[in-house]
Amino acid sequence: MGELLARDAIRLGERAGSREEAVRRCGAVLVEIGAVGPQYVDAMLEREGSISTYIGEGVAIPHGTLHSKGAVRRDALAVVGFPGGVDWGGEDVRVCVAIAAAGDGHVGILAQLAEILMDPDQAARLRAATEPDEVLDLLVLEANR
(Lines give C-alpha, C1' and ligand atoms only; values in the text may rest on other atoms or scores of the structure.)
Protein backbone atom coordinates (compact mmCIF):
# COMPACT_ATOMS: atom_id res chain seq x y z
CA MET A 1 0.00 0.00 0.00
CA GLY A 2 3.04 2.26 0.41
CA GLU A 3 3.20 3.12 -3.27
CA LEU A 4 -0.44 4.23 -3.13
CA LEU A 5 -0.29 6.49 -0.07
CA ALA A 6 2.12 9.42 -0.09
CA ARG A 7 2.71 11.75 2.85
CA ASP A 8 1.28 14.71 0.92
CA ALA A 9 -2.03 12.81 0.55
CA ILE A 10 -2.58 12.70 4.31
CA ARG A 11 -4.55 15.64 5.65
CA LEU A 12 -5.43 15.53 9.33
CA GLY A 13 -7.33 18.15 11.31
CA GLU A 14 -9.86 18.88 8.56
CA ARG A 15 -13.45 20.05 9.09
CA ALA A 16 -16.61 19.32 7.14
CA GLY A 17 -20.17 20.29 7.91
CA SER A 18 -21.70 17.43 5.92
CA ARG A 19 -20.94 14.12 4.26
CA GLU A 20 -21.01 15.86 0.86
CA GLU A 21 -18.49 18.44 2.03
CA ALA A 22 -16.25 15.67 3.40
CA VAL A 23 -16.39 13.73 0.12
CA ARG A 24 -15.58 16.92 -1.79
CA ARG A 25 -12.58 17.53 0.48
CA CYS A 26 -11.36 13.96 -0.08
CA GLY A 27 -11.74 14.35 -3.82
CA ALA A 28 -9.91 17.68 -3.73
CA VAL A 29 -6.92 15.98 -2.09
CA LEU A 30 -6.84 13.34 -4.86
CA VAL A 31 -6.97 16.16 -7.43
CA GLU A 32 -4.24 18.15 -5.62
CA ILE A 33 -1.84 15.19 -5.66
CA GLY A 34 -2.47 14.63 -9.38
CA ALA A 35 -4.14 11.23 -9.03
CA VAL A 36 -7.45 12.21 -10.63
CA GLY A 37 -9.06 14.88 -12.75
CA PRO A 38 -11.64 17.21 -11.17
CA GLN A 39 -14.56 15.26 -12.68
CA TYR A 40 -13.69 12.34 -10.38
CA VAL A 41 -15.05 14.32 -7.42
CA ASP A 42 -18.51 14.32 -9.00
CA ALA A 43 -18.25 10.54 -9.45
CA MET A 44 -17.34 10.18 -5.77
CA LEU A 45 -20.48 12.12 -4.86
CA GLU A 46 -22.52 9.98 -7.26
CA ARG A 47 -21.20 6.80 -5.61
CA GLU A 48 -21.99 8.16 -2.15
CA GLY A 49 -25.49 9.05 -3.32
CA SER A 50 -26.15 5.47 -4.43
CA ILE A 51 -24.54 3.63 -1.51
CA SER A 52 -22.80 4.78 1.64
CA THR A 53 -19.07 4.19 1.76
CA TYR A 54 -19.09 3.98 5.57
CA ILE A 55 -17.37 0.72 6.62
CA GLY A 56 -17.51 1.00 10.40
CA GLU A 57 -15.25 2.10 13.25
CA GLY A 58 -15.67 5.76 12.26
CA VAL A 59 -14.14 5.19 8.81
CA ALA A 60 -15.51 5.78 5.31
CA ILE A 61 -13.85 4.93 2.00
CA PRO A 62 -15.18 7.37 -0.61
CA HIS A 63 -14.37 6.45 -4.20
CA GLY A 64 -15.73 6.95 -7.70
CA THR A 65 -18.06 4.89 -9.85
CA LEU A 66 -17.12 2.34 -12.50
CA HIS A 67 -17.72 5.02 -15.12
CA SER A 68 -15.18 7.37 -13.55
CA LYS A 69 -12.08 5.27 -14.20
CA GLY A 70 -11.18 7.51 -17.16
CA ALA A 71 -10.69 10.39 -14.72
CA VAL A 72 -8.08 8.41 -12.76
CA ARG A 73 -4.51 9.33 -13.74
CA ARG A 74 -2.87 6.91 -11.28
CA ASP A 75 -3.99 4.67 -8.47
CA ALA A 76 -3.70 6.46 -5.14
CA LEU A 77 -5.09 6.80 -1.65
CA ALA A 78 -5.75 9.91 0.40
CA VAL A 79 -6.37 9.89 4.14
CA VAL A 80 -8.41 12.80 5.43
CA GLY A 81 -9.05 13.13 9.15
CA PHE A 82 -12.05 14.94 10.60
CA PRO A 83 -11.39 15.05 14.38
CA GLY A 84 -14.72 16.79 15.03
CA GLY A 85 -16.56 14.06 13.15
CA VAL A 86 -18.92 14.14 10.19
CA ASP A 87 -22.49 12.84 10.22
CA TRP A 88 -22.43 10.06 7.65
CA GLY A 89 -26.05 9.03 7.41
CA GLY A 90 -26.31 8.68 11.18
CA GLU A 91 -22.78 7.36 11.68
CA ASP A 92 -19.92 9.43 13.07
CA VAL A 93 -17.01 9.42 10.61
CA ARG A 94 -13.61 10.62 11.81
CA VAL A 95 -11.41 9.35 8.97
CA CYS A 96 -11.93 8.99 5.24
CA VAL A 97 -9.64 6.86 3.13
CA ALA A 98 -10.35 8.10 -0.39
CA ILE A 99 -9.55 5.71 -3.22
CA ALA A 100 -8.63 6.40 -6.84
CA ALA A 101 -8.23 3.27 -8.96
CA ALA A 102 -8.17 2.97 -12.75
CA GLY A 103 -8.17 -0.80 -13.03
CA ASP A 104 -9.38 -3.59 -10.81
CA GLY A 105 -6.67 -2.72 -8.32
CA HIS A 106 -9.26 -1.12 -6.08
CA VAL A 107 -10.62 -4.55 -5.13
CA GLY A 108 -7.31 -5.49 -3.53
CA ILE A 109 -7.03 -2.05 -1.96
CA LEU A 110 -10.49 -2.37 -0.42
CA ALA A 111 -9.71 -5.83 0.96
CA GLN A 112 -6.43 -4.62 2.46
CA LEU A 113 -8.06 -1.59 4.04
CA ALA A 114 -10.93 -3.61 5.43
CA GLU A 115 -8.52 -6.02 7.11
CA ILE A 116 -6.60 -3.19 8.77
CA LEU A 117 -9.58 -1.05 9.69
CA MET A 118 -11.82 -3.79 11.03
CA ASP A 119 -9.42 -4.29 13.93
CA PRO A 120 -10.87 -1.95 16.61
CA ASP A 121 -7.43 -1.15 18.05
CA GLN A 122 -5.97 -0.23 14.68
CA ALA A 123 -9.07 1.77 13.77
CA ALA A 124 -8.78 3.67 17.08
CA ARG A 125 -5.14 4.44 16.31
CA LEU A 126 -6.12 5.74 12.89
CA ARG A 127 -8.92 7.92 14.29
CA ALA A 128 -6.56 9.37 16.92
CA ALA A 129 -3.65 10.07 14.53
CA THR A 130 -2.46 13.67 14.48
CA GLU A 131 0.65 13.27 12.32
CA PRO A 132 1.06 11.81 8.80
CA ASP A 133 3.81 9.46 10.03
CA GLU A 134 1.32 7.82 12.42
CA VAL A 135 -1.01 7.11 9.49
CA LEU A 136 1.82 5.83 7.29
CA ASP A 137 3.09 3.63 10.10
CA LEU A 138 -0.34 2.13 10.63
CA LEU A 139 -1.54 1.72 7.05
CA VAL A 140 1.73 0.99 5.28
CA LEU A 141 3.80 -0.86 7.89
CA GLU A 142 0.88 -2.86 9.32
CA ALA A 143 -0.19 -3.88 5.80
CA ASN A 144 3.32 -5.19 5.10
CA ARG A 145 3.55 -7.32 8.26
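All residue numbers here refer to positions counted from 1 along the written sequence of the relevant chain. Per-residue local features of the predicted model are confined to residues with pLDDT of at least 70, and side-chain atom pairs are confined, for both listing and counting, to 80 or more; whole-chain, interface and lining totals are unaffected and use all residues. Hydrogen atoms and water are omitted, and side-chain values are computed over all heavy atoms in the structure.

A look at the pairing of strand 5 (residues 91-100)
Note on exposure labels: buried denotes an accessible area under 20% of the residue type's maximum, exposed denotes more than 50%, and partly exposed covers the range between, all computed with a 1.4 Å probe on protein chains only. Labels follow the DSSP assignment, with helices taken as runs of H or I lasting at least four residues and strands as runs of E lasting at least two, numbered in each case from the N terminus. Among the 10 residues in strand 5, seven count as buried, and that is most of the element. The rule for pairing is simple: two strands pair if DSSP sees at least two bridges between them. Connecting strand 4 (residues 76-88) to the antiparallel partner strand 5 that follows it, the hairpin turn spans two residues, and glycine 89 within it adopts a positive phi of roughly 65 degrees.

Overview of the pattern of salt bridges
Salt bridges are defined by distance alone: a side-chain nitrogen of Lys or Arg within 4 Å of a carboxyl oxygen of Asp or Glu. Tallied over the full model, the rule gives nine salt bridges. Where glutamate 48 meets arginine 19, a salt bridge forms, and the shortest distance between an N and an O atom there is 3.3 Å. With a gap of 29 residues between them, glutamate 48 in helix 2 (residues 39-50) and arginine 19 in helix 1 (residues 19-32) connect regions that are remote in the sequence. We classify glutamate 48 as buried; its relative accessible area is 8%. In this structure arginine 19 comes out as partly exposed when scored by relative accessible area, which is 26%.

Digging into the sheet that holds strand 4
Backbone hydrogen bonds are what pair the strands of a sheet, in a parallel or an antiparallel way. Reading across the sheet, the five strands line up as 1-4-5-3-2 and stay open at both edges, with mixed pairing between neighbours. Single-partner strands in this sheet number two, and they are strand 1 (10-11) and strand 2 (54-56). Pairing of strand 1 with strand 4, which is carried by two bridges, proceeds in the parallel orientation. Following the sheet pairing, isoleucine 10 is matched in strand 4 by valine 79. We call two residues in contact when some of their heavy atoms are within 4.5 Å. Axes here refer to lines fitted to C-alpha atoms; in helices the fit is confined to the stretch in contact. Angles between the N-to-C directions go from 0 to 180 degrees. In the packing of helix 1 onto the sheet, contacts are made with strand 1, strand 4 and strand 5, and the angle to strand 4 comes to roughly 160 degrees.

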